[in-house]
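Next come the chains, spelled out residue by residue.
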Amino acid sequence: QVQLVESGGGLVQPGGSLRLSCGISRGTFSNYHMMWYRLVPGKERELVASISAVGYNTNYSHFVKGRFTISRVDAKNTLYLQMNNLTPEDTAVYYCNGMNRETGGPLGSWGQGTQVTVSS
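Residues numbered from 1 in each chain as written. Predicted model: local features only at pLDDT ≥ 70, side-chain atom pairs only at ≥ 80, totals over all residues. Heavy atoms only, no water.

### A few points about the nonpolar core
In summary, soluble globular proteins display a tendency toward joint burial of nonpolar side chains. Counting 27 residues, the largest nonpolar core has Trp36, Leu79, Leu81, Met83 and Tyr94 as its most contacted members. Counting only elements with at least two residues in this core, the list comes to strand E3 (18-24), strand E4 (32-39), strand E5 (46-51), strand E7 (68-73), strand E8 (78-83), strand E9 (92-100) and strand E10 (114-118). Of all the elements, E3 adds the most residues to this core, at 4 residues. (Core = buried A, V, L, I, M, F, W, Y, C linked by side-chain atoms within 4.5 Å. Buried < 20%, exposed > 50% of the residue type's maximum accessible area, 1.4 Å probe, protein only. Helix = DSSP H or I, 4+ residues; strand = E, 2+ residues; numbered from the N terminus.)

Below you can see the structure in the form of structure tokens.
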């Protein structure tokens, strides 16, 4: 089972920026559409942004559009999320995962995520 490893979270003031990274324990994710999700206690995990395999088309949830940028470097099997102009509402644990572009199957099991806290 592929393990996903998120990093880059932390405590930041409103208006600040963070860059999250996501790696995998083995294999390659070039055939996977990749996504960032976030989870707030008491709520369901929600999709933040996605980037397709081949073509790298991106989509964003309305609440981050214009502030967050998703990107990937397949040669490094690394997914990124650049988060700018953060607000307290962005406080959450952020997770990554992927979906195989042919089978629709998941890339791997959920990792531990990385905590993002936006507070003054």
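Resuming the write-up.
### Let's talk about the pairing of E5
Relative to E5, E4 is paired through 5 bridges, and the arrangement is antiparallel. Opposite Tyr37, over in E5, you have Leu47 as the bridge partner. Turn length for the E4-E5 hairpin, with the two strands adjacent in sequence and antiparallel, is 6 residues, and the turn residue Gly42 shows positive phi of about 90°. Here 3 bridges tie E5 to strand E6 (residues 58-60), and the two strands are oriented antiparallel to one another. By the bridge assignment, Ala49 is partnered in E6 with Tyr60. Connecting E5 to the antiparallel partner E6 that follows it, the hairpin turn spans 6 residues, and Val54 within it adopts a positive phi of roughly 55°. (Pairing = 2+ DSSP bridges.)

### Some remarks on the side chain of Ser61
Locating Ser61 in the fold gives a position in the loop between E6 and E7. For Ser61, the side chain forms a polar contact with the main-chain oxygen of Leu47, separated by 2.4 Å. When residues no more than four places from it in sequence are discounted, the contact partners of Ser61 are Leu47 and Val48. (Polar contact = N/O pair within 3.5 Å; in protein donor to acceptor, adjacent residues only side chain to side chain. Contact = heavy atoms within 4.5 Å.)

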